[in-house]
Amino acid sequence: MRLRNVTPDDVEAYARMRCDPVMMADLGGPLPPDGMKDKVQRDALEAAADTAWIKMIIPDAGTPEVVAGSVTIWSHDTDDGPMSEIGWMILPQFQGRGLGKRAARALLEQARNEDRWGAVHAFPAVSNGASNGICRSLGFRLIAEQNVTFADRVLRSNHWVISPRTDLVPTATSTDHTGR
Ligand SMILES: CC(C)(COP(=O)(O)OP(=O)(O)OC[C@H]1O[C@@H](n2cnc3c(N)ncnc32)[C@H](O)[C@@H]1OP(=O)(O)O)[C@@H](O)C(=O)NCCC(=O)NCCS
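What you see is a predicted model, and the numbers here were worked out from it, not measured in a lab. (Residues numbered from 1 in each chain as written. Predicted model: local features only at pLDDT ≥ 70, side-chain atom pairs only at ≥ 80, totals over all residues. Heavy atoms only, no water.)

Visitor: Explain the sheet that holds strand β2 (residues 53-58) to me, please; I cannot follow it from the model alone.
Guide: With mixed pairing, the 7 strands of this open sheet are ordered in space as β1-β2-β3-β4-β5-β7-β6. One side of each edge strand has no neighbouring strand; the edge strands of this open sheet are β1 (2-5) and β6 (141-150). Sheet twist, expressed as the average angle between the axes of neighbouring strands with direction ignored, equals 35°. Relative to the sheet, helix α1 (residues 11-18) contacts β2, β3 (69-78) and β4 (81-90), its axis offset from that of β2 by approximately 90°. Contacting β1, β2, β3, β4, β5 (120-122) and β7 (153-162), helix α3 (residues 99-114) crosses the sheet at an angle of about 140° to β2. (Pairing = 2+ DSSP bridges. Helix = DSSP H or I, 4+ residues; strand = E, 2+ residues; numbered from the N terminus. Axes fitted to C-alpha atoms, helices over the stretch in contact; angles between N-to-C directions. Contact = heavy atoms within 4.5 Å.)

Visitor: What is the right way to look at the pattern of salt bridges in this model?
Guide: Side chains bearing opposite charge may pair, as long as their charged atoms lie close to each other. Under the definition given, this model contains 7 salt bridges. A salt bridge links Glu109 to Arg105, with the nearest nitrogen and oxygen atoms 4.0 Å apart. Of the two residues, Glu109 and Arg105 are both situated in helix α3; the distance of 4 residues between them amounts to about one turn of the helix. In this structure Glu109 comes out as partly exposed when scored by relative accessible area, which is 24%. Where Arg165 meets Asp115, a salt bridge forms, and the shortest distance between an N and an O atom there is 3.5 Å. With Arg165 in helix α5 (residues 164-167) and Asp115 in the loop between α3 and β5, this residue pair connects regions lying 50 residues apart in the sequence. By the burial criterion, Arg165 is exposed, and Asp115 matches it. (Salt bridge = Lys/Arg side-chain N within 4 Å of Asp/Glu carboxyl O. Buried < 20%, exposed > 50% of the residue type's maximum accessible area, 1.4 Å probe, protein only.)

Visitor: Help me out: how do you make sense of the nonpolar core in this one?
Guide: Generally speaking, nonpolar side chains in soluble globular proteins are found buried as a group. In this structure, Tyr14, Ile73, Ile86, Trp88, Leu108 and Phe140 are the most contacted members of the largest nonpolar core, which totals 42 residues. Top contributing element to this core by residue count: α3, with 6 residues. Not counting the four nearest positions on each side in its chain, Phe140 is found in contact with Ile86, Trp88, Leu108, Val120, Ala122, Cys135, Trp160, Val161 and Ile162. (Core = buried A, V, L, I, M, F, W, Y, C linked by side-chain atoms within 4.5 Å.)

Visitor: Sorry if this is basic, but what is going on with the site of the ligand here?
Guide: The environment of the ligand is made up of 20 residues, and the closest members are Ile90, Gly96, Gly98, Lys101 and Asn128. Between an oxygen atom of the ligand and a side-chain N or O atom of Asn128, the distance comes to 2.7 Å. Within the backbone of Ala130, an N or O atom sits 3.3 Å from an oxygen atom of the ligand. Of all the secondary-structure elements, those providing two or more residues to the shell around the ligand are β4, α3 and α4 (129-138). (Near = heavy atom within 4 Å. Polar contact = N/O pair within 3.5 Å; in protein donor to acceptor, adjacent residues only side chain to side chain.)

As C-alpha cells, this is what we get:
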C-alpha cells in the first residue's frame, strides 16, 4: 500500500466515495455529484500547498491507477482554537482487509515523524464499528460521545484523540492483511 496526494483526476473516485448512499451511511447521507469536481480541485490545491494532507490510498504499487479510498489530516478552527482532525474512507470492494487501519497508521506515522499536527482528533459515528475499531486499535483515547456537524448534517459521534508521538500503537508485523 502507498499514499499519494489527491489530484483533480480523482474526481471519479471522489464521487464513488461521497455520492454513494452506503459509503455515506454514517456520514449523513450521499452528497450531490455536481459538487465533486469543485471539491476535488479545492482538495488538490490544499494537498499541493501542504496545508492539509489529503491522500489517496493505492493498495498495490504495481497498479497505481487503482484507488481504494482516502485518508486525510487537516486543521480547522474551533471555539478552543485550531484542531487537527483525521478522516478515512475505503471503497466497499477493499473493506475488511485492514487497509483503512494501515492507511490511517501510515499518515499518523508521518505526522509523528515530521512532528506536525499535534494531537489528532477523530469523530466517527457511534454506529460505525470499523471506524471506531481503527481508533481503538491504533491507540486513540475515547473522550466522549457528542453531536458533530458534517456537511451541514448533525451526527451522533465518538470523540477520539491521539498524540502520534506517544500514543501510536506499534505494528505487530510489517505484513498487511492481504499478505503483500
Ligand atoms: C470505516 C472504514 C474506513 C473501515 O475501513 P476498513 O479498511 O474496512 O477497516 P479495517 O479492515 O482496517 O478494520 C479496522 C478495524 O475495525 C475492526 N472492524 C471492522 N469492522 C468492524 C465492525 N463492524 N465492528 C467492529 N469492529 C470492526 C477491524 O477488525 C479492525 O480492527 P483490528 O485491526 O483491531 O482487528 C470503511 O468501512 C469505510 O470507508 N466505510 C464507509 C465510509 C466511512 O464510514 N468512513 C469513516 C467515517 S468516520
